[in-house]
Amino acid sequence: MNEQLLQIEAYFEDHRDEMIGFWRELVNFQASSREFDRVEALTRLTQKRLTEEGLNCRLIPSGKVPVLVAVDGPKRAGKPILFCGHLDTVFPSGTFPDNPFDIRDGIAYGPGVIDMKGGVVMMLYIVKALRHIGFDRNPVKIVLCGDEETIHDGSTADEIIRQEAEGCLFALNMEVGRMDNCLSVGRKGALDTVITVQGKSSHAGNDYYSGRNAIVEMSHKIAALQSITMQMDCVTVSPNVVQGGAVSNIIPDECRLVVDSRFTRVADLECLKEKISQICAKTYIEGTQTTVDFVNVMPVFERTEKNLNLLQRANRLAEEYGLPAFGEIVPGGSSDTSYIAMAGVPALCSCGVQGTGAHTKEECAFVETLFQRGKIFAAMIAEYN
């Protein structure tokens, strides 16, 4: 192991207590995505800490919680290296008792401890470790939003992330570290579709034949929509929410369906929309009408050779530190890495602290991975050329 790697390792060993102290501070500040004032207060608290550490910070209005952008070494000549993450959790304040952060037998507990406040701690201390070894080649940029858990509903945070990613060398999203020790080299895109069938109501006993049953019309479409999964490679279409009818003796005049679709290639999206539209254009019960609305499109984070190259670099350094190699995975769940990918920037996701129970009151993190992963990614930046 060369001297630079040893210095990075020593830095993380020497600053364990500091890192845990910052982790404790973030976790103890409870704030969910929809508690805008509290998440903004946490964002400003984090801004203050990063400013005190010497990072150049700014807040970008998003329509809801401002996005925090912090840069170390903004005048360095190289392309920026990007860290991405979020400060919000799914837990409203008061879900846990005051000061919930706790460590027992090497495991940390508390709201957001892995999703993803541990990742935020890693970002800062990677920057500090790089400073410690005299790294001055590339600016290091941190982008933190406050509404990731609501998929940036009603805000422009997604577009801000994409804009801030433009021109970066590569990116690491410090989202939850997976228990299978895989890093995400891609993530499926997601499309929500709302389909509404309008029929005609009538009394099911006295006037059956004048009715136009919207639920029956929708049932034909549901079967056809489900079949898209078998027609397209690496695409899933799942009709998940059906709403229609009021009482058993009235033929329903409306039925509403929400469909979840997932895809792994950018090119799949338009083909998927076309297939859904064609299915909904076909009428089975004369007199019914169908409308289709495509909503909440999450772009795909495609698996690319450049992403795999980043994984190989991380694995070489894991080996240098005597740690297990990372596997690769393309999970179905989405993350903000998709917006980074839209900017054409290679990236890895799921780089944060490992643990279990995200989005539950049993959320916990394996403390040692805070330091293990921190030194791997710091060394990866230090050696990247």
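See the structure shown above.
Predicted, not measured: the structure shown is a model, and the values here were computed from it.

(A) Structural detail: the pairing of strand β3 (residues 81–86). Most of β3 is tucked away, with six of its six residues classed as buried. Side chains Ile81, Phe83 and Gly85 project from β3 onto one buried face, and the interleaved Leu82, Cys84 and His86 project onto a second face that is buried too. Alignment of β3 against strand β6 (residues 140–145), held across six bridges, turns out to be parallel. Bridge pairing in β6 links Leu82 to Lys141.

(B) The environment of Val113, seen in detail. Looking at the element boundaries, Val113 is found in helix α4 (residues 113–132). Separated by 12 residues in sequence, Val113 and Phe101 place their C-alpha atoms 7.9 Å apart. The residues contacting Val113, other than those within four sequence positions of it, are Trp23, Val27, Phe101, Ala108, Gly118, Glu363, Cys364 and Ala365.

(C) Inspection of the packing of aromatic side chains at higher detail. All told, the structure shown has six aromatic pairs when counted by the stated rule. Centroid distance Trp23 to Phe101: 5.5 Å. Interplanar angle 55°. Geometry classified as tilted. You can see Trp23 sitting in helix α2 (residues 16–28) and its partner Phe101 sitting in the loop between β3 and β4 (102–104), a full 78 residues away along the chain. Phe101 matches Trp23 in its accessibility class, with the two residues each being buried. Between Tyr208 and Tyr209, the aromatic rings sit 5.1 Å apart at their centres with planes inclined by 90°, giving edge-to-face as the arrangement. Look at Tyr208 and you get partly exposed, because its relative accessible area is 49%. A cation over a ring is seen here: Lys361 above Phe96, with NZ or CZ 5.6 Å from the ring centre. The lysine or arginine in question, Lys375, covers the ring of Tyr321, its NZ or CZ lying 4.9 Å from the ring centre.

(D) Structural context of the sheet that holds strand β7 (residues 170–173). Pairing in this open sheet of six strands is mixed, and the strands run β1-β2-β6-β3-β7-β16 from one edge to the other. Edge positions in the sheet fall to β1 (56–60) and β16 (347–348), since each of these pairs with one other strand and no more. For β1 and strand β2 (residues 67–72), the ladder comprises five bridges, and the chain directions are antiparallel. Across the sheet, residue Arg58 finds its bridge partner in β2, namely Val69. Contacts between helix α5 (residues 157–165) and the sheet are confined to β1, β2, β3 and β6, with β6 contributing the most and set at about 175° to the helix.

The rules behind these values
Residues numbered from 1 in each chain as written. Predicted model: local features only at pLDDT ≥ 70, side-chain atom pairs only at ≥ 80, totals over all residues. Heavy atoms only, no water. Buried < 20%, exposed > 50% of the residue type's maximum accessible area, 1.4 Å probe, protein only. Helix = DSSP H or I, 4+ residues; strand = E, 2+ residues; numbered from the N terminus. Pairing = 2+ DSSP bridges. Contact = heavy atoms within 4.5 Å. Phe/Tyr/Trp six-rings, centres within 6.5 Å; stacked < 30°, edge-to-face > 60°. Lys NZ or Arg CZ within 6 Å of the ring centre and 35° of its normal. Axes fitted to C-alpha atoms, helices over the stretch in contact; angles between N-to-C directions.

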